[in-house]
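# Breakdown of the fold
What follows is each chain in one-letter form.
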2 protein chains.
Amino acid sequence: MTISKGPQAFPRSEYLRRLAAVKSEMGNREIDALFVSSPGNVAYLSGFTTKGYSPASYLIQGLVVTLHEEEPTFILARHHVPAAVYLTFLKPESVIGYPSLTANPGVDGFDAVIDFLHEAGLANRGVGLELDSLRAQDQQKFKARLPKARIVDCAKAVDWIRTVKSDLEIAIMREAAAITDAGIMHAAEVIRPGVREADAAAEIMATLLRGTNGKSGTGIPLMYVSASPRTFAGHMSFSEDAYRDGSQINIELGAVRYGYIATIMRTFSIGKPSDRLRRLHEAQVAGLEAALNTVRPGATCSEVANASHRAIEKHGFKKDTLCGHSEGLNGLEPSAYLVDGDMTVLKPNMAFHLLLCNFLEEDFSCFVSETFRVTESGVEVLTRAPRKLFEL
Amino acid sequence: MTISKGPQAFPRSEYLRRLAAVKSEMGNREIDALFVSSPGNVAYLSGFTTKGYSPASYLIQGLVVTLHEEEPTFILARHHVPAAVYLTFLKPESVIGYPSLTANPGVDGFDAVIDFLHEAGLANRGVGLELDSLRAQDQQKFKARLPKARIVDCAKAVDWIRTVKSDLEIAIMREAAAITDAGIMHAAEVIRPGVREADAAAEIMATLLRGTNGKSGTGIPLMYVSASPRTFAGHMSFSEDAYRDGSQINIELGAVRYGYIATIMRTFSIGKPSDRLRRLHEAQVAGLEAALNTVRPGATCSEVANASHRAIEKHGFKKDTLCGHSEGLNGLEPSAYLVDGDMTVLKPNMAFHLLLCNFLEEDFSCFVSETFRVTESGVEVLTRAPRKLFEL
């Protein structure tokens, strides 16, 4: 039986565009082969967005991009080959399976990758590795079994290319953002005194999966619900307690469409929020809007962050730490950060999660955030839920 | 304001028991300090089960266990300190925050760990590291900044201790298993021809969060729904398609209670399953039951796996690959595997996910699995959903 291709989020031309950018960078670095192993980068260059494959030693996988072949070669455990054929744009002959959980100790998927490089005549050329996603022993294996290759560290090389999205990627992020917005609006309906946090979380999560406008979520979304007395941190989980009058709830949601996430944060108050919380929220909205007003091609990440910091200071509060990051496949992209000192220059179709979450004191915090893209002349905010302190 | 302690899943004595086992192992390895950085092991020795902290360079965290202190010291980014104080059994003074996203390139949380080891007088002693969870550059930093220490690789040392659960841990896994069972039963209600996969997934997910018997889920569960035509792999996601007459659905669910997961797999058929699928399911149930009948203290993982393989062969099918793994905190524990050749000897209160998922041909598969624990004399199956091929 031949595995069919599943519904593709992008046409082949989109992947070839991404690969052309990667190959150009490979030329700059004078390498003939690049082994891409970080899951976000593998997804970016192939469409393999499933999250079920942890980087355990028996599930080693990655793409070998070469200058002389149009498509990369996907090397992964044999029993995952059908999933790779179904999910990716790759021709079936570009997917190579190796026997998994081999009885031969010390032999693993990296040996299959190295064997491939030898067979492809690349073992004595420049070979790029994402060293930041390889363990020391794996790096050692590449060096030992490719003694004539010139190993070049290509950590984050593909990540930086991912920062500038295509219009097709932005369109998918807009779909994800609409679902995220629906999650926030549903949270405002279901969070009530006496409702157990876990039950409200079930409703919100279900909304993120059902989606909106006929488009469903296509993967497990990001969802953090940090309610009183756990408003001191952003990544807490819902609990078994019931909401009460006076509860404050900081929520972060990110629906998933074909691996792309658009994230939003909002603060909710059951009953009237304190004046102090209102003032902090106003300050953070001012910080968020000052940042958005600074976004344009040519501005730096640092300028955006500092505009936010100054606006918050004018409101009598202080926030000088990270206020955002590049966003796209798998949520946070580990490349450009909205933080003082990050001199990344903004370009059209870069996308960010701009997040103002201030923990002024351990028990006093407030969230507001948006996902935006850089346009030709300024900014487009993709998330659209009301930018307010929700009073329930 | 002082952060209060959140509801603790375990009493202090449980953590001290776990730490005593770790310290005994440290004695065997002649080390005075052990830096525990893999998230599952950190959770095991502290109660820090939140999943929101990825091992990005600005979120480095871990526990330093020493022979001379009762409690470990938790070192993490300063803004995560309140979460650590709230979630863990540790005294607040055992939690140390370092300034995050420092402007000083090359300085990160590992420097805070190394500084702590110097200050505690441990820099010229035996220091254990989980090398498999540290990048090459991080290992290099430990070696460079601790030139007089004897660095000892303690990869998987804590993981192996985790394989034997306490009765308290088993009790929590039972609660998780009951929720997982409820998820399977709800799946059997909501999967119908014409229902969109994403909508059914929303219902199943909501059940896993709401929980059962007054106990909710406490974190995002594991959920894979691999429906026709995606039954060739186990870790596919639900899609935007609607279920149809004749659809086969392979489901894997694992509800979460305080970080502990109990997983189950079942196959569903909309309409009458083919005779071939019935026969494969019968063979796999025979394989599963043969494995369960082999489980007792003193048996090896390999014996259990081979009992399963032989039973399946008697039914005219073949399956000789991995059929399970140690299970507990965060699901799969990377230690004991139910596979031919794994000579791990079973002990009371080891817990496993025993999984029979056979991909006979690329489009022909069937799932059945249970979570079990080893008892004093045999086996207790924690998951209780009917062990059948569900016909909807």
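Predicted, not measured: the structure shown is a model, and the values here were computed from it.

## Brief notes about the interface of chain B and chain A
Interface extent is often summarised as the accessible area lost during association of the parts. Taken together, the contact between chain B and chain A spans 53 residues of the former and 54 residues of the latter. Interface area, chain B with chain A, both sides summed: about 4,500 Å², of which 61% is carbon and sulfur. At the junction of chain B with chain A, the criterion picks out 14 residue pairs in polar contact (both at pLDDT 80 or more). The set of elements that each furnish at least two residues to the side of chain B that touches chain A consists of α3 (81-87), α5 (136-145), α8 (197-210), β7 (222-227) and β11 (331-337) of chain B. With nine residues, α8 of chain B is the single largest residue contributor to the side of chain B that touches chain A. For the side of chain B that touches chain A, the per-class residue count stands at 29 nonpolar, 11 polar and 13 charged.

## Considering the side chain of E169 of chain B
Residues and elements named next belong to chain B. Tracing the chain through its elements places E169 in helix α7 (residues 167-190). Accessibility expressed as a relative area gives 1% for E169, which makes it buried. Once you skip the residues sitting within four places of it in the chain, E169 turns out to touch F10, E14, R17, R18, Y44, V164 and Y260.

## Description of the relation of the copies chain B and chain A
Superposition record for chain B on chain A: RMSD 0.0 Å, screw rotation 180 degrees, translation along axis 0.0 Å. Such a combination of rotation and displacement between the chain copies is what one expects of a two-fold axis. By C-alpha distance to the rotation axis, the residue of chain B lying nearest is A136 of chain B, at 2.2 Å. A shared interface surface links the copies, since 100% of the contact residues of chain B are contact residues in chain A too.

## Focus on unusual backbone geometry
With omega at 5 degrees, the peptide bond leading from S228 of chain A into P229 of chain A counts as cis. Within the secondary structure layout, P229 of chain A lies in the loop between β7 (222-227) and β8 (248-257). Not every positive phi belongs to a glycine, and Y258 of chain B is a case in point at roughly 50 degrees. You can call Y258 of chain B partly exposed: its relative accessible area is 24%. Of note in this structure, N330 of chain B is not a glycine but carries a positive phi near 65 degrees. Assignment of secondary structure puts N330 of chain B in the loop between β10 (324-328) and β11.

## Some remarks on the packing of aromatic side chains
Here a ring pair, both rings aromatic, is described through the centre-centre distance and the interplanar angle of the planes. Within the structure shown, the criterion is met by 20 aromatic pairs over all chains. Look at F352 of chain B and F372 of chain B: their rings are 5.5 Å apart centre to centre, the planes differ by 25 degrees, and that puts the pair in the stacked class. Taken together, the positions of F352 of chain B in strand β12 (residues 351-361) and F372 of chain B in strand β13 (residues 364-374) put the pair 20 residues apart, joining distant regions of the chain. Of the two residues examined, F352 of chain B and F372 of chain B, each falls in the buried class. Each residue in the set F10, Y15, F89 and Y260 of chain A is aromatic and connected to the rest through ring pairs, giving one cluster. Seen from the ring of F10 of chain B, R18 of chain B lies directly overhead, with NZ or CZ sitting 4.5 Å from the centre. Between R276 of chain B and the ring centre of F364 of chain B, over which it is positioned, the NZ or CZ distance is 4.0 Å.

## Observations regarding the sheet that holds strand β2 (residues 62-66) of chain B
Residues and elements named next belong to chain B. Ordered in space as β4-β3-β2-β1-β5-β6, the six strands form an open sheet in which the pairing is mixed. Of all the strands in the sheet, just β4 (95-98) and β6 (150-153) have a single pairing partner and so form its edges. Averaged over all adjacent pairs, the angle separating strand axes in this sheet is 25 degrees, with direction ignored. Looking at chain direction, strand β1 (residues 33-36) and β2 are connected through four bridges and run antiparallel. Counterpart to F35 in the pairing with β2 is V64. Relative to the sheet, helix α1 (residues 12-28) contacts β1 and β2, its axis offset from that of β2 by approximately 65 degrees.

## Describing the state of the cysteines
All names here are of chain A. Following the criterion strictly, the structure yields zero disulfides over all chains and no others. We note that C323 lacks a disulfide partner, and the nearest cysteine sulfur, in C301, lies 9.3 Å from it. C323 sits in the buried class, given a relative accessible area of 0%.

## Details of the layout of surface pockets
All names here are of chain B. Here the second largest pocket is characterised by a volume of approximately 190 Å³. Taken together, 13 residues line the second largest pocket, and the ones lying closest to its centre are E69, E71, P72, T73 and S94. When its residues are assigned to classes, the lining of the second largest pocket shows four nonpolar, four polar and five charged.

## Section: helix α10 (residues 301-314) of chain B
For α10 of chain B, built from 14 residues, the straight-helix expectation of 20 Å at 1.5 Å per residue is met to within 8% by its first-to-last C-alpha distance of 21 Å. Of the positions making up α10 of chain B, those classed as buried are C301, S302, V304, A305, A307, S308, H309, A311 and I312 of chain B.

## A closer look at the packing of helix α9 (residues 275-294) of chain B against α10 of chain B
All names here are of chain B. Two elements in contact, α9 and α10, have axes separated by 7 Å at closest approach and are oriented at 150 degrees. Classified by the interaxial angle, the pair formed by α9 and α10 is roughly antiparallel. Helix-helix and strand crossings are classified by hand; for α9 and α10 the assignment is right-handed. Here A283, Q284, A286, G287, A290, A291 and T294 of α9 lie close against α10, whose contacting residues are E303, V304, A307, S308, A311 and I312. In terms of residue class, the contact of α9 with α10 is made up of eight nonpolar, four polar and one charged.

## Description of the pairing of β7 of chain A
Residues and elements named next belong to chain A. Among the six residues of β7, five are classified as buried, and the element is accordingly described as predominantly covered. Bridging between β7 and β8 involves six bridges; their strand directions are antiparallel. Among the inter-strand pairings, M223 is bridged to a residue of β8, identified as L253.

Conventions adopted
- For every chain, the first residue of its written sequence is number 1, and the numbers climb from 1 along that sequence.
- Both sets of labels track the order of writing: A upward for chains, 1 upward for ligands.
- Reporting in this predicted model follows two pLDDT cut-offs: at least 70 for local features of residues, and 80 or more for side-chain atom pairs to be given and counted; totals over whole chains, interfaces and linings ignore these cut-offs and use all residues.
- In computing side-chain values, all of the structure's heavy atoms are included and hydrogens and water are not.
- When checking whether two residues touch, look at their non-hydrogen atoms; a contact exists if any pair is within 4.5 Å.
- Put simply, buried area is how much 1.4 Å-probe accessible surface two parts lose in total, over both of them, once they are put together.
- The definition of a polar contact used here is a pair of N or O atoms within 3.5 Å, where within protein one atom must be able to donate a hydrogen and the other to accept one, and adjacent residues in sequence count solely through side-chain atom pairs.
- Each helix is a run of H or I in the DSSP string that is no shorter than four residues. Each strand is a run of E no shorter than two, and both are numbered from the N terminus.
- For this scheme, ten residues count as nonpolar: Ala, Val, Leu, Ile, Met, Phe, Trp, Tyr, Cys and Pro. Four count as charged, namely Asp, Glu, Lys and Arg, and the remainder, Gly too, count as polar.
- Remark: exposure states derive from per-residue accessible area (1.4 Å probe, protein chains only) relative to the maximum for the residue type, with buried under 20%, exposed over 50%, and partly exposed in between.
- In superposing the copies, a least-squares fit is computed on C-alpha atoms, taking residues whose pLDDT is at least 70 in both.
- Paired rings are identified among Phe, Tyr and Trp, the last through its six-membered ring, by centres lying within 6.5 Å, and are further divided according to the angle between planes into stacked (under 30 degrees), edge-to-face (over 60) and tilted (the rest).
- Two conditions define a charge located above a ring, namely a distance within 6 Å from the ring centre to NZ of Lys or CZ of Arg, and an angle within 35 degrees of the ring normal.
- The pairing criterion is simple: DSSP has to find at least two bridges between the two strands.
- Between the N-to-C directions of two axes lies an angle of 0 to 180 degrees, each axis being a line fitted to C-alpha atoms and, for a helix, fitted only over the stretch in contact.
- We call a pair of cysteine sulfur atoms a disulfide when they lie within 2.5 Å.
- Note on definitions: the grid is 1 Å and covers protein atoms alone; a cavity is a set of points where a 1.4 Å probe fits but cannot get out; a pocket is an open set with protein on both sides within 12 Å along at least five of seven lines; lining residues have an atom within 4 Å of a point.
- Grid points are joined across faces, edges and corners, and a volume is the space filled by probe spheres set on the points.
- Under the convention used throughout, the expected extent of a helix is 1.5 Å for every residue step, that is, one less than its residue count.
- Orientation labels follow simple angle bins: below 35 degrees gives roughly parallel, above 145 gives roughly antiparallel, 65 to 115 gives roughly perpendicular, and whatever is left gives oblique.
- What makes a crossing left-handed is the near helix being turned counterclockwise from the far one by less than a right angle; a clockwise turn instead makes it right-handed.

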